[in-house]
Structures are given as C-alpha cells and as structure tokens.
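# Tertiary structure, described
Listed below, chain by chain, are the residues.
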Amino acid sequence: MKITEAEVFVCCPGRNFVTLRLRTDDGLTGLGDATLNGRELAVASYLKDHVIPCLIGRDAHRIEDTWQYLYRGAYWRRGPVTMTAIAAVDVALWDLKAKAARMPLYQLLGGACRSGVLVYGHANGRDLAHTVEEVLRYKEMGYRAIRAQSGIPGLNKVYGVSKDALFYEPADAALPSEHDWDTGKYLRHTPQLFARVREAVGPDIHLLHDVHHRLTPIEAARLGKDLEPFRLFWMEDPTPAENQDAFRLIRQHTVTPLAVGEVFNTIWDCKRLIEEQLIDYIRATVVHAGGITHLRRIADFAALHQVRTGCHGATDLSPVTMGAALHFGLAVPNFGIQEYMRHTEETDAVFPHAYRFADGFLHPGEAIGHGVDFDETLAAKYPYRRAYLPVNRLAHDGTLWDW
Ligand code: GCO
Ligand code: MG
C-alpha cells in the first residue's frame, strides 16, 4: 500500500480547518486533521512544503516508522506546528490501515474497553441564573457531565461565555479581540456559581470548570479549596503549565481534581506532571500531540500513575479529530472523559461522520477507518478566513495577561 498522493485543504465552514488527504496505489484514502487554531496556514505550509515530498512512495502500513521518520528526521523537535503536522499524517495512516483491514479503527487499537465514550458539554451563561438554566438544558439533552462557565459582573467578554449558547467559537475576529480580567472578581464569583449549579443539578451530574490559565498557583489553590464542597469532576488549567512545579503547591492545598495539557504536544510536556501525580487527567489530544501513535504512548505512561485521559475536544478540532479521539477513547484502558463541543451544521456537512451522541455518550460508529469523511466540493465553497484567538488584559490597568 504505497502513498501516491497527498493533498492539504484549508476551508472555513463556520471556522477554519486544515485537512490532509492521502491516497494509496490500491485506491484507498485516509484523512487527518491538521488544524491549529489561529496558526492554520503555518501547519498547511509545513505539510505541503516539508512533509508531503517525503511521503510520496512510502509504504502506508509503516505507521510507527513514518512517525519516527517525521519526528527524528526533522532534527528540530516538538512544538505545536510540527506535532500537528505529524498528527495529521499519523491519523490519515491509521485511517488507511483500518480501511485496508476493513475494520473500525478501535478494533485495530485493541477493541472496545467500554460501551461508549463519556463526554462533557459546555454550558455557558451571561450570569449565574443564566448559567444554571444552561446547565439544566444540557442535563435535559442527556449529558451526564457538564462544564459550566459564567459571565462575571463588571467584566466584559470572559473566556467560555459566548453570544450563542450552543456554539462557542473563541477565534472570533480577523485580529485578536480584547478580553478583560479581574482575578478578585473571578475568585468571588466562581464558588457562588458552583453552589447554585450543584444545588440545581443534584449530586449525580459531573461538573467541570476551565480556569484557562488565569491564576497564580496560590490563587488556584484557594479556588480549588473553595470549590471542594461542590465536588467537581475537575478544575482545568488553573495556572500555566510551563512551570510544572507550580502544581505541587496547588496539590498541597486542595483535593479538587486537576486536568491539564490541551496545549501540550509531546510526552515530554506531560512527563513531570504525570510521574509526580500532580494532575488527575491529561488533556493532550490526537491532533496537537502527534496523533494516535504518540497519544497512546502518553496514555500508557499516564496509566502507570493512575492519571486518566480527558482529551481536548473544542470546535477547533475538526470532526476528523473527534472521530479519531472516539476510537481512541473507546479502546484506551485509562479513559476518563472526552470533551465534546458540537460543530455547526456547515462543519458537519463538510465532514460527514459515523459518530453519534446518545445519553451522555458518544460512540464512534462501525464504519471502517475512523469513520469521518471530507466533502471536497462543498469545502471549496468555504474559503479560509483569517481568525485569531483573543488576548486578555487586566481590567484595571491593561496589563497583558494569560488568555
Ligand atoms: C477547552 C479549551 C478551548 C480553547 C480553544 C483554543 O477547554 O475547550 O480551553 O476552548 O480555548 O480550543 O483554540
Ligand atoms: Mg481548556
């Protein structure tokens, strides 16, 4: 099974996606997602200009060897652009191998370990009352795990709160928009939010919250402690994870579980947090952490330390990544939860897929490969539109903060 053709498509059915399609001499096609939000064209160029010339003529069955070839062979290691490009190739190759074997991908990964993939949805509201309403709406839709984010009185534009309650899209402008931030207001508001939400949903629904890297370690420790009575499933990204020792301090103060790693690219980014058990869930994902081949390695390492998976699944990860992540989630032994933000109808039409939601779980379906397709003709109607993630500034003096 030789690779005969490789093409990169950039399209914008509601938001930008980069897609890699490989063809083989026996007529099969494999698809990989290469979307890196706000930096899409860099990955497209990395693939077109530097990776594709090395792929033509290679044996598509040699997934691990191709991974090593692209990782070690580049000499320059890691980084989001490189690892997203490698992921696109890796997922396309897994798709091809599963198609050649005429099996759904999860079967090749060892078969199902569970009946479905537990997912969490995003409830967001402009204030406490509205957020409680949204959480109840998600419960009504069948979700068993719900992330809650709320507007904060006195602050304009806060992470996770959108105009459209069902479809949240952070890359909202052709140049970065500006959000404002006040840690004191946030730390007072958030425990009130979860007191109200927990009372409204009862004890059985899993509740999650994303701090989005905005606190210092000691502030994060305070928030974790204040949230303990509401028994969160996790508190995500409480502080930036470049300095991993910071998490030891948070751990010393709170038993609220921690989830980190949506911006991580390799096992080296996670190593310390995992082996020192400074987190409970690892958020690294198929598309930004080198594909299925590398994510499996991270998950196996995490399993040794009782850390479970909690893969990133925002809308900037295309349905191709969601499909691959669901096969992975069905088969990986130390699965925790999968994030699921619904894509728009336009996106779903460009990427017809076999996965489906029922009763709080997603199932990847029984189609061969990863079960996600790409409609090239329809995609051509949605050309790339430049879009950036916002920046965040302190409300009182405009200091640039973490977004
Ligand atoms: C999440 C994330 C996203 C990111 C986005 C950036 O937990 O889903 O934090 O909302 O901000 O994916 O591209
Ligand atoms: Mg997050």
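Report follows, based on the coordinates.

Reading the values: rules and limits
Residues numbered from 1 in each chain as written. Chains lettered and ligands numbered in written order. Predicted model: local features only at pLDDT ≥ 70, side-chain atom pairs only at ≥ 80, totals over all residues. Heavy atoms only, no water. Pairing = 2+ DSSP bridges. Helix = DSSP H or I, 4+ residues; strand = E, 2+ residues; numbered from the N terminus. Near = heavy atom within 4 Å. Polar contact = N/O pair within 3.5 Å; in protein donor to acceptor, adjacent residues only side chain to side chain. Areas by Shrake-Rupley, 256 points an atom, 1.4 Å probe, with all protein chains shown as cover. Nonpolar A, V, L, I, M, F, W, Y, C, P; charged D, E, K, R; others polar. Donors = N, O, S within 2.8 Å, 3.2 Å for Na, K, Ca; no water. Buried < 20%, exposed > 50% of the residue type's maximum accessible area, 1.4 Å probe, protein only. Axes fitted to C-alpha atoms, helices over the stretch in contact; angles between N-to-C directions. Contact = heavy atoms within 4.5 Å. Arc of directions from axis to C-beta. Salt bridge = Lys/Arg side-chain N within 4 Å of Asp/Glu carboxyl O.

Glancing now at the pairing of strand E1 (residues 3-11). The two faces of the sheet receive side chains in turn, since in a regular strand these alternate between them. Pairing of E1 with strand E2 (residues 17-24) involves 8 bridges; the strand directions are antiparallel. Bridge pairing in E2 links Glu5 to Arg23. In sequence, E1 turns back onto E2 through a hairpin of 5 residues, with Gly14 there showing a positive phi of about 100°.

What follows covers the site of ligand 1. Neighbouring ligand 1 are 15 residues, the closest being Tyr159, His212, Glu262, Asp316 and Glu339. Contacts to ligand 1 include Asn37, whose side-chain N or O atom sits 2.9 Å from an oxygen atom. With respect to ligand 1, the side chain of His312 contributes an N or O atom lying 3.0 Å from an oxygen atom. For ligand 1, the protein covers 95% of the area, taking 340 Å² as the surface of the free molecule. Taken together, the residues of the shell around ligand 1 sort by class into 4 nonpolar, 4 polar and 7 charged.

Our focus in this paragraph is the coordination of the magnesium ion (ligand 2). Bound to the magnesium ion (ligand 2) are the protein donor atoms Asp210 (OD), Glu236 (OE) and Glu262 (OE), situated 2.0 to 2.3 Å from the metal. One chain supplies every donor for the magnesium ion (ligand 2), spaced along it as D-x25-E-x25-E. Highlighted residues: Asp210 in strand E7 (residues 206-210) and Glu236 in strand E8 (residues 234-236), separated in sequence by 26 residues. For the pair formed by Asp210 and Glu236, the shared burial category is buried.

Attention now goes to the sheet that holds strand E15 (residues 391-394). Strands in a sheet are paired, the pairing made by backbone hydrogen bonds, and the direction either parallel or antiparallel. In spatial order, the strands read E6-E15-E16; together these 3 strands make up an open sheet with mixed pairing. With one partner strand each, in any of the chains shown, strand E6 (178-181) and strand E16 (400-401) form the two edges of the open sheet. Relative to E16, E15 is paired through 2 bridges, and the arrangement is antiparallel. Bridge pairing in E16 places Arg393 opposite Leu400.

The antiparallel open sheet is built from 3 strands, whose spatial order is E1-E2-E3. Of all the strands in the sheet, just E1 and strand E3 (29-33) have a single pairing partner and so form its edges. Sheet twist, expressed as the average angle between the axes of neighbouring strands with direction ignored, equals 20°. Sitting on the sheet, helix H1 (residues 40-55) touches E1 and E2, and the angle it makes with E1 is about 175°.

Moving on: helix H8 (residues 246-253). Among the residues of H8, those classed as buried are Ala246, Phe247 and Ile250. On an axial view of H8, the arc spanned by its buried residues comes to 90°, and they lie on one face. In the core, the buried residues of H8 are packed alongside helix H7 (217-227), strand E9 (258-260) and helix H9 (267-275).

Okay, the environment of Leu36 next. Considering the arrangement of structural elements, one finds Leu36 in the loop between E3 and H1. Judged by relative accessible area, Leu36 falls into the buried class, the value being 12%. Separated by 19 residues in sequence, Leu36 and Phe17 place their C-alpha atoms 8.1 Å apart. Apart from residues lying up to four places away in sequence, Leu36 is in contact with Val43, Pro80, Val81, Thr84 and His288.

On to the pattern of salt bridges. Taken as a whole, this structure holds 24 salt bridges when the rule is applied. Linking Arg15 and Glu169 is a salt bridge whose minimum nitrogen-to-oxygen distance equals 2.7 Å. Highlighted residues: Arg15 in the loop between E1 and E2 and Glu169 in the loop between strand E5 (145-150) and E6, separated in sequence by 154 residues. For Glu169, a relative accessible area of 24% puts it in the partly exposed group. The closest approach of N and O atoms between Glu275 and Lys271, which form a salt bridge, is 3.1 Å. On the criterion of helical spacing, the pair formed by Glu275 and Lys271 is a turn pair, its members being 4 residues apart in helix H9. Within this structure, Glu236, Glu262, Arg283 and Glu339 form a network of salt bridges that share partners.

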